[in-house]
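# Reading the structure
For reference, the chains in residue letters:
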Amino acid sequence: HVSLRSFDQPSMHDEHGPSILSQIVQRSDGKVPVIGVGGIRSLETAEAALRMGADLVAVGRVGISDPEFPRHVRDHQPVQSTVPRGDFAAELTLP
């Protein structure tokens, strides 16, 4: 899988070029499935990653911070995520 801060981010070497995800899709040439991860927060962003060529999309923190994420996406409701930034391990530690 291609795990990025945002699935549509360009290369740091060419900020106006194609996204890293689309470059990996192109280079893999259909030989392996590509999963886009990072910044998937709605049906629209998931569909955008698929249009870039990802075979699948996955969610990480948003799925943990909003257990109702699949329902929100299905029902076209806003995601109720409160994904903390920085060192958030303590907030995600189970008792």
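The preceding data block contains the structure.
A short tour of the structure in this document, coming up. (Residues numbered from 1 in each chain as written. Predicted model: local features only at pLDDT ≥ 70, side-chain atom pairs only at ≥ 80, totals over all residues. Heavy atoms only, no water.)

Another point: the environment of Asp 66. Note on placement: Asp 66 falls in the loop between α3 (61–65) and α4 (69–74). Asp 66 gets classed as buried once you look at its relative accessible area, which sits at 3%. In this structure, the C-alpha to C-alpha distance between Asp 66 and Gln 80, residues 14 residues apart in sequence, is 5.8 Å. At 2.8 Å, the side chain of Asp 66 forms a polar contact with the side chain of His 72. (Helix = DSSP H or I, 4+ residues; strand = E, 2+ residues; numbered from the N terminus. Buried < 20%, exposed > 50% of the residue type's maximum accessible area, 1.4 Å probe, protein only. Polar contact = N/O pair within 3.5 Å; in protein donor to acceptor, adjacent residues only side chain to side chain.)

So, on to helix α1 (residues 20–28). Restricting attention to buried positions, one finds in α1 the residues Leu 21, Val 25 and Ser 28. With its buried residues spanning 70° around the axis, α1 presents them on a single face. Projecting away from the buried face of α1 at angles above 90 degrees are the exposed residues Gln 26 and Arg 27. Looking at the packing, one finds that the buried side of α1 touches β1 (2–3), β3 (14–19), β4 (35–37) and α2 (43–51). The positive-phi residue at the C-terminal boundary of α1 is Asp 29, with phi of around 50°. (Arc of directions from axis to C-beta. Contact = heavy atoms within 4.5 Å.)

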